[in-house]
Amino acid sequence: MTVTLRSAQERDLPVIRRMLADHAASEAGLDVPAGRTELAEALFGQAAHVHVVVAVASGDDDDRVVGMAVWYRTFSSWAMASGIWLEDLYVDDEFRGAGVGRLLMGHLRERTTTGRIEWDVTVGNTGAERFYASLGASPVPEINRYRLPAVPE
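Just so you know, these numbers come straight off a predicted model, no measurement behind them. (Residues numbered from 1 in each chain as written. Predicted model: local features only at pLDDT ≥ 70, side-chain atom pairs only at ≥ 80, totals over all residues. Heavy atoms only, no water.)

Once that is clear, we can look at the packing of aromatic side chains. This structure, assessed with the given rule, holds 2 aromatic pairs. On the basis of an interplanar angle of 45° and a centroid distance of 4.7 Å, the ring pair of Trp119 and Tyr132 is categorised as tilted. Placement of the pair is Trp119 in the loop between strand 5 (117-118) and helix 4 (126-134) and Tyr132 in helix 4, with a sequence separation of 13 residues. Counting every residue linked through ring pairs, the aromatic cluster contains Trp119, Phe131 and Tyr132. A cation over an aromatic ring shows up here: Arg96 above the ring of Tyr90, its NZ or CZ 5.3 Å from the ring centre. (Phe/Tyr/Trp six-rings, centres within 6.5 Å; stacked < 30°, edge-to-face > 60°. Helix = DSSP H or I, 4+ residues; strand = E, 2+ residues; numbered from the N terminus. Lys NZ or Arg CZ within 6 Å of the ring centre and 35° of its normal.)

Shown next, in the form of structure tokens:
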């Protein structure tokens, strides 16, 4: 079986939604709202600003999306450098350990001139921590993430 990468296409929305739901459920026990239009607009609308690269496993009979990286561009005013925020990296269970995550991360490194890629790892996700450490990544100890909740309508 061969795994290749390509930019997501609108026809991939159902599998992207499924992977996002699986990821959210396994990481934080969350349900991802189904049937909303924000994802399609962010990825494929007139003002698209989020990117998804998918990993496609090609077998004898068919092709199957088995992983994805959801990302967008950032800019650090302190470093005066652009970068990438990795929102989600997900690989189907049966393809973990097969190099799909490394392939996706390598793709992102090629997309940034500075090599700066940042992301969050859920506390206690030791598998992800080990994987990212194997790439040479480490936590940013001097930063605590804060989040201002959305303003209720």
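This is not the end of the story, as more comes after the structure.
Before going further, it helps to examine the sheet that holds strand 2 (residues 51-58). Overall, mixed pairing links the 5 strands, which are arranged 1-2-3-4-5 in an open sheet. The open sheet has two free edges, formed respectively by strand 1 (2-7) and strand 5, since each of these has just one partner strand. Inspection of the sheet shows strand 4 (residues 81-91) paired to strand 5 by 2 bridges, in the parallel sense. Within strand 5, the residue paired with Trp85 across the bridge is Glu118. (Pairing = 2+ DSSP bridges.)

A few words on unusual backbone geometry. Of note, the phi angle at Met80 is positive, near 50°, even though the residue is not glycine. With respect to the helices and strands, Met80 occurs in the loop between strand 3 (63-76) and strand 4.

A cluster of acidic residues, Asp60, Asp61, Asp62 and Asp63, forms a negative patch at the surface. Tracing the sequence through the fold places Asp61 in the loop between strand 2 and strand 3. Residue classification places Asp61 among the exposed residues on the basis of a relative accessible area of 76%. (Patch = residues over 30% accessible without salt bridge, like charges linked within 9 Å, V, L, I, M, F, W, Y side chains within 5 Å. Areas by Shrake-Rupley, 256 points an atom, 1.4 Å probe, with all protein chains shown as cover. Salt bridge = Lys/Arg side-chain N within 4 Å of Asp/Glu carboxyl O. Lys, Arg positive; Asp, Glu negative; His and termini not counted. Charge placed at Lys NZ, Arg CZ, Asp CG, Glu CD. Buried < 20%, exposed > 50% of the residue type's maximum accessible area, 1.4 Å probe, protein only.)

Tallied over the entire structure, the rule returns 9 salt bridges. For the salt bridge of Asp12 with Arg6, the shortest nitrogen-to-oxygen distance reads 2.6 Å. Asp12 gets classed as buried once you look at its relative accessible area, which sits at 4%. One salt bridge connects Asp120 with Arg145, and the closest N-O pair in it is separated by 2.9 Å. Residue Asp120 is located in the loop between strand 5 and helix 4, and its partner Arg145 is located in the segment after helix 4; the two are separated by 25 residues in the primary sequence. A relative accessible area of 47% places Arg145 in the partly exposed class. The network of salt bridges with common partners includes Arg18, Asp22, Arg64, Asp92 and Glu94.

Right, let's get into the nonpolar core. Across soluble globular proteins, you tend to see nonpolar side chains buried next to one another. Judged by nonpolar contacts, the single largest core of 18 residues is most densely connected at Ala69, Leu86, Leu89, Val100, Leu104 and Leu108. Secondary structure elements with two or more residues in this core: strand 2, strand 3, strand 4, helix 3 (100-111) and helix 4. Those residues in contact with Leu86 that lie beyond four places of it in its chain are Ala69, Val70, Trp71, Met105, Leu108, Ile117, Glu118, Trp119 and Tyr132. Counting residues in hydrophobic clusters, the runner-up holds 16 residues, among them Met19, Ala42, Val52 and Tyr90. (Core = buried A, V, L, I, M, F, W, Y, C linked by side-chain atoms within 4.5 Å. Contact = heavy atoms within 4.5 Å.)

It is worth spelling out helix 3 at this point. Counted at 1.5 Å a residue, the expected span for helix 3 with its 12 residues is 16 Å, and the 17 Å between its end C-alpha atoms agrees. For helix 3, every residue scored as buried is listed here: Val100, Gly101, Leu104, Met105, His107 and Leu108. Looking straight down helix 3, one finds its buried side chains confined to an arc of 150°; they lie on one side. In helix 3, the exposed positions that point more than 90 degrees away from the buried face belong to Arg109 and Glu110. Where helix 3 is buried, its residues meet strand 1, strand 2, strand 3, strand 4, strand 5 and helix 4. (Expected span 1.5 Å × (residues − 1). Arc of directions from axis to C-beta.)

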